[in-house]
Protein chains: 2
Amino acid sequence: MARKKEFDPEERMEKARDLFWQKGYNATSMEDLVQTMGLNRGSIYDTYGDKHSLYLQCLGNYAAEKLREHKEAAMGTSPIEKVENMILSVVEATVNTGKCCMAVNSTFELATVDQSVHSIINNNWKDIVNFFEQLLTDAREVGEISADKDPRLLAEFIAANFTGLWQTYILSRDKKQVEKLAQFLIGMIKN
Amino acid sequence: MARKKEFDPEERMEKARDLFWQKGYNATSMEDLVQTMGLNRGSIYDTYGDKHSLYLQCLGNYAAEKLREHKEAAMGTSPIEKVENMILSVVEATVNTGKCCMAVNSTFELATVDQSVHSIINNNWKDIVNFFEQLLTDAREVGEISADKDPRLLAEFIAANFTGLWQTYILSRDKKQVEKLAQFLIGMIKN
DNA sequence: TACTATTTAGAACGTTTGTTCCAAAATATT
DNA sequence: AATATTTTGGAACAAACGTTCTAAATAGTA
């Protein structure tokens, strides 16, 4: 029998993912990936396929992890508290790491021209909106938000606002600014 | 004396701008630009400088035109009506052309790594927010929005929501979906 | 009409791109 | 210890990249 892989494919993929996350798809070269992943060209092609295929795997990995993190952040004793904590957790992660959402970056760089990318992001987006919708439906049943509000629409509104928060952060690089906007959003949901 | 330019530099730049708008900076090659602008390589370099310089001019041109369009869309007999019409006009332009905001695309593709790009977009962003702020201040004085609302914060919130609307449109490609979100935003502003 | 400054078209430049290939190194089993 | 199988590092590839350069075409002036 032959050798086994000397590296952990998942671990090295995360290095690639972080690089794509930071630089974007087109600005990241194969040479960059070889350096950052600490792998040989051949090993990369053998393990992940070509650059585009590797990117899709990174994006899928990111999307799955992000959804998990959203659900983890949904702590609290009441549905609306869970929604609030999810929003605050996104803001916290953004200002702590200085990085915005890879899926959103990818939306604006690639989703209009790359069907595979669009599909991955859109599914992830729907998952997140669905999760919000469930929480908001619960919140309405408990009477935390008024009965005349549409949970689906509100869920989409919150998700769309994340993107607005990220853009604001990229331009302002101002932690407090983003926190203020998030609090404003939370206030709007509750009333 | 010598020849004069046979083409209109501004008109050709707009062709380049539309291409960058559609494909993004990195995915647009100099060869693409030569074809689309209908100009010789030498003429491009001579008139606009290198690719990056041409891009900055396109982005600046776009930003100025966008601000002008925003102000033009601010029609109405009352301040809040002007704000509402600005929002509706953005949605209309988006679903009619199928294109989102070039500056927002650029924000997520380049603004984190390119200082010149960041500067152009940030200034344009501030101009738009300032314009909203003025209208909302007027609206508050007239009593169209409640006195406890901060015009500046509300202005930033609306501007951030544009980005959310664009992202929603890219993913859903659903005119009605975006219009619903816009109406929801307008409702939130008024209450 | 001759002259001259400038634009024009496209060849050519050296890099960098993504990808493939191959010989050498390595390891789990026999 | 020998064998078999796979990984590994790096050379090699053609194509595409952004940019520069040159020679011919052009048009305003004298």
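Above this text you will find the structure in question.
Structural notes, computed from the coordinates. Note that the structure is a prediction, hence the values are computed from the model and not measured.

## Side note on the overall build of chain A
Looking only at helices and strands, one finds nine helices and zero strands in chain A. When the elements of chain A are put in sequence order from the N terminus, they spell out α-α-α-α-α-α-α-α-α. Its C-alpha atoms give chain A principal-axis dimensions of roughly 65 × 40 × 30 Å. Sequence-distant contacts in chain A: of pairs separated by 6 or more residues, those separated by 24 or more amount to 66%. Accessible area of chain A: about 8800 Å², with a carbon and sulfur share of 48%. When the 23 positive and 28 negative side-chain charges of chain A are each reduced to one mean point, those points stand 4 Å apart.

## Quick look at the state of the cysteines
Residue and element names in this part refer to chain A. Per the counting criterion, the structure on display carries zero disulfides over all chains. In this model Cys-58 remains outside any disulfide bridge; the closest cysteine sulfur is found in Cys-101, 14 Å from its own. Distance from the sulfur of Cys-101, which forms no disulfide, to the nearest cysteine sulfur (Cys-100) is 8.4 Å.

## Quick word on helix 6 (residues 102-111) of chain A
When you tally the buried positions in helix 6 of chain A, you get 10 out of 10 residues, the bulk of the element. For helix 6 of chain A, the elements touching its buried residues are helix 1 (9-23), helix 4 (51-73), helix 7 (115-142) and helix 8 (151-172) of chain A together with helix 6 (102-111) and helix 8 (151-172) of chain B.

## Brief notes about the packing of aromatic side chains
Within the structure shown, the criterion is met by 16 aromatic pairs over all chains. Consider the rings of Phe-108 of chain A and Phe-108 of chain B, whose centres lie 4.9 Å apart with planes at 5°: the pair is stacked. Here Phe-108 of chain B lies in helix 6 and Phe-108 of chain A lies in helix 6, a pairing that spans two chains. The two residues Phe-108 of chain A and Phe-108 of chain B agree in class, both being buried. When the ring of Phe-184 of chain A is compared with that of Phe-157 of chain B, the centres are 4.9 Å apart and the planes differ by 75°; the resulting orientation is edge-to-face. One end of the pair, Phe-184 of chain A, is in helix 9 (residues 175-190); the other, Phe-157 of chain B, is in helix 8, on a second chain.

## Here we look at the interface of chain B and chain A
In this assembly, 34 residues from chain B lie in contact with 34 residues from chain A. Across the chain B to chain A interface the summed buried area is about 3400 Å²; carbon plus sulfur atoms make up 71%. Here chain B is connected to chain A by zero salt bridges. At the junction of chain B and chain A, the tally comes to nine residue pairs in polar contact (both at pLDDT 80 or more). Every element with two or more residues in the side of chain B that touches chain A is listed here: helix 6, helix 7 (115-142), helix 8 and helix 9 (175-190) of chain B. When residues in the side of chain B that touches chain A are grouped by element, the largest group, 13 residues, is from helix 8 of chain B. Among the residues making up the side of chain B that touches chain A, the classes are represented as 18 nonpolar, 12 polar and four charged.

## Details of unusual backbone geometry
Residue and element names in this part refer to chain A. Even without a glycine there, the phi angle at Arg-173 is positive, about 50°. One can find Arg-173 in the loop between helix 8 and helix 9. Given the relative accessible area of 40%, Arg-173 is considered partly exposed.

## What about the side chain of Asn-124 of chain A?
Residue and element names in this part refer to chain A. The residue Asn-124 is located in helix 7 in this model. The buried category is assigned to Asn-124, whose relative accessible area is 8%. A distance of 3.0 Å separates the side chain of Asn-124 from the backbone oxygen of Ala-63, its partner in a polar contact. In this structure, Asn-124 is in contact with Ala-63 and Leu-67, ignoring residues within four places of it in sequence.

## Some details on the relation of the copies chain B and chain A
In the superposition of chain B on chain A (RMSD 0.0 Å, axial shift 0.0 Å), the rotation amounts to 180°. Such a turn and shift between the copies fits a two-fold axis. Judged by C-alpha distance, Gly-164 of chain B is the residue of chain B that lies nearest the rotation axis, at 2.6 Å. Looking at chain B, 97% of its interface residues are interface residues in chain A too, so the copies touch through the same face.

## Things to note about the side chain of Thr-168 of chain B
Examined against the element boundaries, Thr-168 of chain B turns out to sit in helix 8. If we ignore the near neighbours within four places in the chain, the residues touching Thr-168 of chain B are Ala-160 of chain A together with Arg-173, Gln-177 and Leu-181 of chain B.

## Some points on the environment of Phe-162 of chain A
All names here are of chain A. When you line up the elements, Phe-162 lands in helix 8. Overall, Phe-162 belongs to the buried group, its relative accessible area being 2%. Along the backbone, Phe-162 and Cys-100 are 62 residues apart, and their C-alpha atoms lie at a distance of 9.7 Å. If near-sequence neighbours (up to four positions away) are discounted, Phe-162 is found in contact with His-70, Met-86, Ile-87, Val-90 and Phe-132.

## Focus on the environment of Phe-7 of chain A
Examined against the element boundaries, Phe-7 of chain A turns out to sit in the segment before helix 1. With near-sequence residues (within four places) excluded, Phe-7 of chain A lies in contact with Arg-12, Leu-39, Ser-43, Thr-47 and Tyr-48 of chain A.

## What about the pattern of salt bridges?
Residue and element names in this part refer to chain A. Applying the stated criterion across every chain yields a total of 20 salt bridges over all chains. A salt bridge links Asp-18 to Arg-17; the nearest nitrogen and oxygen atoms lie 3.2 Å apart. Beyond isolated ion pairs, a larger network of salt bridges with shared partners links Arg-17, Asp-18 and Glu-65.

What counts and how
Residues numbered from 1 in each chain as written. Chains lettered and ligands numbered in written order. Predicted model: local features only at pLDDT ≥ 70, side-chain atom pairs only at ≥ 80, totals over all residues. Heavy atoms only, no water. Helix = DSSP H or I, 4+ residues; strand = E, 2+ residues; numbered from the N terminus. Contact = heavy atoms within 4.5 Å. Areas by Shrake-Rupley, 256 points an atom, 1.4 Å probe, with all protein chains shown as cover. Lys, Arg positive; Asp, Glu negative; His and termini not counted. Charge placed at Lys NZ, Arg CZ, Asp CG, Glu CD. Disulfide = S-S within 2.5 Å. Buried < 20%, exposed > 50% of the residue type's maximum accessible area, 1.4 Å probe, protein only. Phe/Tyr/Trp six-rings, centres within 6.5 Å; stacked < 30°, edge-to-face > 60°. Buried area = accessible area lost by both parts, 1.4 Å probe. Salt bridge = Lys/Arg side-chain N within 4 Å of Asp/Glu carboxyl O. Polar contact = N/O pair within 3.5 Å; in protein donor to acceptor, adjacent residues only side chain to side chain. Nonpolar A, V, L, I, M, F, W, Y, C, P; charged D, E, K, R; others polar. Least-squares fit on C-alpha atoms with pLDDT ≥ 70 in both.

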